[in-house]
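# Report on the structure
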Amino acid sequence: MDWIINDELGLTVGHLVGWTSASFMVVGGVLPYIPQYRQIKQTQDPEGFSLHVCLALLVANTLRILFWFSSRYELPLLVQSVVMNITMFLMIHLCVRVRRNNAIMHMRERVFSDFDSRYFWQWTDFQSYVDFMLVVWAVGAAITYLMLSVTWFMETIGFLAVFTEAMLGLPQFVRNYKNKSTHGMSICMVIMWTAGDMFKTGYFILRHAPTQFWICGTLQVSLDLAILLQVYIYRKNPAPRNAHRGD
């Protein structure tokens, strides 16, 4: 009887650990952006946050969603992509609204329907960002439907999804290297990125996610650690004279 109870208890604990891990996978990716969202809302200053981060994550998670129709990977990873897209739209909405409110003079409207490449992803209304992503989703869905049976194409989609996300820290790494300083960068943000990416990569490996996922997850962790190494190397360096917020 004891071994039956132990087996049942082990199964219950195993399920609990699995559900906890899956839940963290869904919400863990958005946690680093909560402090950023609150800071922008409190200070009414969005210039320290690059909307290109939102663009990269929207594209990466859209590609991951499309890849699911071919690979049928873990459901929590699919839900995570949907949650991340919603989070990025919330960040964009806040930044656009604050920038409009802070404009001393009436800004000239820049909208997606102008089709002006000079102001790509610098539009002055939230709807333009939604419209652009609707186009991306529509085109992506159509191509995926036509190419779903082409294995190499769908595998490429999966790789591009996780590779785009893995490269999010590269602009920050390059900026730190050029300035020889990490002034203006949130160390807490990078630490949260690193912890989350380590957990995510471990989850990919343990749950036998597609190869693209854990390879790019490892790359992402390596880039996070490289940025933290910059923090140590440049810790005594003063802020560069031309330092600016944002990109």
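Data block above holds the structure.
These figures come from a predicted structure and were not determined experimentally. (Residues numbered from 1 in each chain as written. Predicted model: local features only at pLDDT ≥ 70, side-chain atom pairs only at ≥ 80, totals over all residues. Heavy atoms only, no water.)

### Side note on the overall build of the protein chain
Scanning the protein chain for helices and strands turns up 9 helices and 0 strands. When the elements of the protein chain are put in sequence order from the N terminus, they spell out α-α-α-α-α-α-α-α-α. The long-range fraction of contacts in the protein chain, counting pairs at least 24 apart against all pairs at least 6 apart in sequence, stands at 76%. For the protein chain, the accessible area works out to roughly 14500 Å², and carbon and sulfur atoms hold 67% of it. (Helix = DSSP H or I, 4+ residues; strand = E, 2+ residues; numbered from the N terminus. Contact = heavy atoms within 4.5 Å. Areas by Shrake-Rupley, 256 points an atom, 1.4 Å probe, with all protein chains shown as cover.)

### Observations regarding the environment of A161
As for its position among the elements, A161 is in helix α6 (residues 151-166). C-alpha of A161 to C-alpha of L57: the two residues are 104 residues apart in sequence and 9.0 Å apart in space. Among all residues touching A161, those that are not within four sequence positions of it are A60, L63 and R64.

### Some points on the packing of helix α3 (residues 51-71) against α6
The contact between α3 and α6 brings their axes to 8 Å, and the two run at 150°. What the angle tells us is that α3 and α6 run roughly antiparallel. For the pair α3 and α6, the sense of crossing is left-handed. Between α3 and α6, the contacting residues are A56, L57, A60, L63, R64, L66, F67 and S70 on the first element and M154, E155, I157, G158, L160, A161, V162, T164 and E165 on the second. In the contact of α3 with α6, the residues fall into 11 nonpolar, 3 polar and 3 charged. (Axes fitted to C-alpha atoms, helices over the stretch in contact; angles between N-to-C directions. Parallel < 35°, antiparallel > 145°, perpendicular 65-115°, else oblique. Left-handed = near helix turned anticlockwise from the far one by under 90°. Nonpolar A, V, L, I, M, F, W, Y, C, P; charged D, E, K, R; others polar.)

### Here we look at helix α2 (residues 33-43)
When we look at burial in α2, the residues that qualify are Y33, Q36 and I40. For α2, the angular spread of buried residues about the axis comes to 55°, placing them on one side. Exposed residues lying more than 90 degrees from the buried face of α2 are R38 and Q42. Packing partners of the buried residues in α2 comprise α3, α4 (75-102) and α8 (187-206). With its phi angle positive at about 55°, Q44 sits one or two positions after the end of α2. (Buried < 20%, exposed > 50% of the residue type's maximum accessible area, 1.4 Å probe, protein only. Arc of directions from axis to C-beta.)

### Remarks on the packing of α4 against helix α5 (residues 126-147)
Running from N to C, α4 and α5 cross one another at 150°; their axes reach a closest spacing of 9 Å. In terms of orientation, α4 and α5 fall into the roughly antiparallel class. Contacts from N85, F89, I92, H93 and V96 of α4 reach α5 at F126, Y129, V130, M133 and W137. Of the residues belonging to the contact of α4 with α5, the class tally is 8 nonpolar, 2 polar and no charged.

### Re the packing of aromatic side chains
Inspection of the entire model under this criterion finds 16 aromatic pairs. Here F112 and F115 contribute two aromatic rings whose centre-to-centre distance is 5.5 Å and whose plane-to-plane angle is 65°, an arrangement assigned as edge-to-face. On the basis of relative accessible area, F112 is assigned to the buried category, the value being 17%. Note on F115: relative accessible area 66%, which makes it exposed. Residues F112 and F132 carry aromatic rings whose centres are separated by 5.9 Å and whose planes lie at 75° to one another, so their mutual orientation is edge-to-face. Pair noted here: F112 is in the loop between α4 and α5 and F132 is in helix α5, with a separation of 20 residues, a long-range link. Note on F132: relative accessible area 16%, which makes it buried. Connected via pairs of aromatic rings, a cluster forms that spans F112, F115, F120, W121, W123, Y129 and F132. The ring of W68 has R72 lying over it, and the distance from NZ or CZ to the ring centre is 4.3 Å. (Phe/Tyr/Trp six-rings, centres within 6.5 Å; stacked < 30°, edge-to-face > 60°. Lys NZ or Arg CZ within 6 Å of the ring centre and 35° of its normal.)

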